[in-house]
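# Structural description and commentary
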Amino acid sequence: MRFPTTIFCTLISSFTAVNSASPAEWRSRSIYQVFTDRFALTNGSTDAACPPGYGGFCGGTWQGIVNKLDYIQGMGFTAIWISPVVEQVADPSRAYHGYTAQNLYGVNRNFGSENDLKALAKALHDKGMYLMIDVVANHMGSDDKAEEINYSVINPFNKKDHYHANPICFISNYNNQTEVEQCWLGNDYYPLPDLNTTQPTVRDMFSTWVKYLVSTYSVDGLRVDTVKHVEKSFWSIFNSASGVFNIGEVADGNVDYLCPYQNYMDGLLGYPSYYQATQFFSTTTATSANLIGEVNYLNSQCKDTTLLGSFSENHDQPRFAWYTSDMVLAENIITYTMLADGIPIIYQGQEQQFNGATDPYNREALWLSNYNTSSPLYVLISTLNKVRTLAATSSDAYLTWHQQIIYSESHVIAFRKGDESFMTLMVVNNLGEGAGTKNAVMGNIGFPAGLTVVDILTCKSVVVGSDGSLSVSIEGGAPMVSSPLRLSMEDYR
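What you see as residue numbers is a count from 1 along each chain, following the sequence as written. For this predicted model, a pLDDT threshold of at least 70 governs which residues receive local features, and a threshold of 80 or more governs which side-chain atom pairs are given and counted, while totals over whole chains, interfaces and linings are taken from all residues. Note that the side-chain values use all heavy atoms of the structure and ignore hydrogens as well as water.

### Quick word on helix α7 (residues 200–216)
Note the following rule: Counting from the N terminus, the helices are DSSP H or I runs at least four residues long and the strands are E runs at least two residues long. Helix span is expected to be 1.5 Å times the residue number reduced by one. Accessible area is worked out with a 1.4 Å probe on protein chains only. A residue is then buried under 20% of its type maximum, exposed over 50%, and partly exposed in between. We call two residues contacting when some pair of their heavy atoms lies within 4.5 Å.
Given a rise of 1.5 Å per residue, 17 residues ought to cover 24 Å, and the 24 Å separating the end C-alpha atoms of α7 matches this to within 8%. Regarding α7, the residues found buried are Val202, Arg203, Met205, Phe206, Ser207, Trp209, Val210, Leu213 and Val214. Contacts made by the buried residues of α7 are with β3 (86–88), β4 (101–107), β5 (130–136), β8 (221–225) and α8 (232–242).

### A word on the sheet that holds strand β14 (residues 412–417)
This is how the line gets drawn: Here, strands pair whenever DSSP counts at least two bridges between them. Axis definition: a line fitted to C-alpha atoms, over the contacting stretch in the case of helices. Angles run 0 to 180 degrees between N-to-C directions.
Sheet architecture is open: six strands sit in the order β13-β14-β15-β20-β17-β18, paired in antiparallel fashion. Only two strands of the sheet have a single partner each, and these edge strands are β13 (404–409) and β18 (460–463). Along the sheet, successive strands turn relative to each other by an average axial angle of 20°, direction set aside. Pairing of strand β15 (residues 424–429) with strand β20 (residues 480–484), which is carried by three bridges, proceeds in the antiparallel orientation. From the neighbouring strand, leucine 425 faces β20, where its bridge partner is serine 482. Contacts between helix α13 (residues 327–339) and the sheet are confined to β14, β15 and β20, with β15 contributing the most and set at about 145° to the helix.

### A short note on the packing of α7 against α8
Selection criterion: Angles below 35 degrees are treated as roughly parallel, those above 145 as roughly antiparallel, those between 65 and 115 as roughly perpendicular, and all remaining angles as oblique. For any pair of crossing helices, the crossing counts as left-handed if the nearer helix is rotated counterclockwise from the farther one by less than a right angle, and right-handed if it is rotated clockwise. Amino acids outside the nonpolar list (Ala, Val, Leu, Ile, Met, Phe, Trp, Tyr, Cys, Pro) and the charged list (Asp, Glu, Lys, Arg) are all regarded as polar, and Gly is one of them.
Contact pair α7 / α8: the axes reach a minimum separation of 8 Å and the direction vectors enclose 30°. Here α8 runs roughly parallel to α7, going by the angle between their axes. When you trace α7 past α8, the crossing you get is right-handed. On α8, the residues touching Arg203, Phe206, Ser207, Trp209, Val210, Lys211 and Val214 of α7 are Ser233, Phe234, Ile237, Phe238, Ala241 and Ser242. Its residues assigned to classes, the contact of α7 with α8 shows eight nonpolar, three polar and two charged.

### With respect to the pairing of strand β2 (residues 79–82)
The two faces of β2 match: Ala79 and Trp81 on one face and Ile80 and Ile82 on the other face are all buried. Where strand β1 (residues 31–34) and β2 come together, four bridges link them in parallel fashion. Residue pairing for β2: valine 34 is matched across the bridge by isoleucine 82. With four bridges connecting them, β2 and β5 associate as parallel partners. Its bridge partner being in β5, alanine 79 is matched across the sheet by tyrosine 130.

### Overview of the environment of aspartate 188
With respect to the secondary-structure elements, aspartate 188 resides in the loop between β6 (185–186) and β7 (191–192). Measuring from C-alpha to C-alpha, the distance between aspartate 188 and asparagine 439 comes to 58 Å, with 251 residues separating the pair along the chain. In contact with aspartate 188, not counting residues within four places along its chain, are Asp144, Lys145, Ala146, Glu147 and Phe170.

### Remarks on unusual backbone geometry
Here the amide bond leading from asparagine 155 into proline 156 is cis, since omega sits at 5°, within 30 degrees of zero. The residue proline 156 is located in the loop between β5 and α6 (177–182) in this model. In this structure, the amide linkage connecting aspartate 359 to the following residue, proline 360, adopts the cis form with an omega of 10°. Along the polypeptide, proline 360 turns up in the loop between β12 (343–347) and α14 (376–394). Even without being a glycine, glutamine 353 presents a positive backbone phi close to 55°. Inspection of the secondary structure assignment puts glutamine 353 in the loop between β12 and α14.

### Some details on the state of the cysteines
How we decide: A pair of cysteine sulfur atoms is labelled a disulfide when the two atoms are within 2.5 Å.
This structure, assessed with the given rule, holds three disulfides. There is a disulfide in this structure between cysteine 50 and cysteine 58, and the S-S distance comes to 2.1 Å. Taking the sign of the S-S torsion, about 80° here, the bridge from cysteine 50 to cysteine 58 comes out right-handed. Relative accessible area serves as the criterion here: at 9%, cysteine 50 is assigned to the buried category. Residue cysteine 259 pairs covalently with cysteine 302 via a disulfide, S to S 2.1 Å. Residues cysteine 259 and cysteine 302 are joined through a disulfide that is left-handed, its torsion about the S-S bond being -95°. Placement of the pair is cysteine 259 in the loop between α9 (255–258) and β10 (267–268) and cysteine 302 in the loop between α11 (289–301) and β11 (309–311), with a sequence separation of 43 residues.

### Remarks on the packing of aromatic side chains
Counted only if it meets this: In this analysis, rings of Phe, Tyr and Trp, with Trp reduced to its six-membered ring, are considered paired at centre separations within 6.5 Å, and the interplanar angle assigns stacked below 30 degrees, edge-to-face beyond 60, and tilted for intermediate values. When the NZ atom of lysine or the CZ atom of arginine is within 6 Å of a ring's centre and also within 35 degrees of its normal, the charge is said to sit over that ring.
Enumeration according to the criterion identifies 32 aromatic pairs in this entry. Arranged with centres 6.2 Å apart and planes meeting at 75°, the rings of phenylalanine 57 and phenylalanine 111 form a pair that is edge-to-face. Of this pair, phenylalanine 57 sits in the loop between β1 and α2 (62–67) while phenylalanine 111 sits in the loop between β4 and α5 (114–126); the two residues are 54 residues apart in sequence, bridging distant segments of the chain. Using a relative accessible area of 22% as the deciding quantity, one classes phenylalanine 57 as partly exposed. According to the relative accessible area criterion, phenylalanine 111 is buried, its value standing at 1%. Here tyrosine 336 and phenylalanine 415 contribute two aromatic rings whose centre-to-centre distance is 5.6 Å and whose plane-to-plane angle is 50°, an arrangement assigned as tilted. With tyrosine 336 in helix α13 and phenylalanine 415 in strand β14, the pair connects residues that are 79 residues apart, well separated along the chain. Comparing tyrosine 336 with phenylalanine 415, the two get one shared label, buried. A connected cluster of aromatic rings, assembled from ring pairs, spans Tyr32, Phe39, Tyr71, Phe77, Tyr371 and Tyr378. Positioned above the aromatic ring of tyrosine 398 is the side chain of lysine 417, whose terminal nitrogen or guanidinium carbon lies 5.5 Å from the ring centre.

Nothing here speaks to function; it is geometry throughout.
Here it is as structure tokens:
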């Protein structure tokens, strides 16, 4: 499917200056997730070897990201989330991803120097973009066996007493929350020493460090790993100490389990929606009931779904294209990801329809795509970012407006977002690329009678009926995003 660049699909760029990093400021951002080791090499190579599933360093750097910021900004992203930056254990198979820290006050030299990281922050800010860094407060890393760890080399938590280590236990029952919080991830040969974050000393040391990290490297936000493995009360202290927006990973699809964490942290990754959206959009046989139910339940239970991270791929989950190669289904889930409630997040390579399975096969080297800016999903993401930007700049209420499902059937869902000052109508489906034309009449959608609205993705227009209904034709299973023609003509110029 091609997405035209016409008067309807040309938007002004927003965010020309970085002023703050509050939750309200982040709400208007869209995030491109960079897996640092696999994004770009300093020398710009597009053929450097990095075999699928390789567990080690392939050579991506912070300077490589700087060199390719135009590729990211070309999709309309206003922030990036990069891998953890701190010094890691020596074993490259455990260090390349960044989640096995050994020295919080050092940097991962495989990615560059302290000055390189500062240069990345400056380059982003010069483009009006935000820097989000991935951090871990649940555990550290070690090259030793669990019972033989030399704690003295870990900085700053250099004493055994800083850890849940008397005795050491590994998580075996994820239904036991005490075990999830107090036992270790990993195993005896590859342990992740679990910090005892209930200790005032450990909490103070983390507060000191996160303030240092944010101020030293001009960080605008934090993606926080393994949140469910730490007691909730810790996170309000950590979030406050950082002074910037925090979005946490609670890797669980249970709304009742996930939502309470938002009482202690600004935002969360929207895992419940991720699981249901993947299930619906990855096959033409799934029906919409579960996704609809999850969207409505999230809105009723979470403190603020507009601060959840809306995603459909990341470095821990299989690529969407691993489930299906259907391009139209990929277009639908990306449209949903970008325009649903929350802060949209696209994982590097998703725009190139990478198809790796679960970790580590979903950590492909992006340079092997030659940074193709003409790929259908790259163009689609760029268009959707423009739509979201226009909506946010046209209506003060748009970003805090909770999406409403105004029409549904087994394989089609229509979402309204926004008030009368600017509204979008997103129609997504799982009909698939083999579908013909699907006609639907949607009543009481929110547009006034007689208004001409345009589908931004095809530039086809239709007039709202006298009863407020809208007749739409879904062609070949493609998603649709409609907005008022008058606003489109005036504001997309």
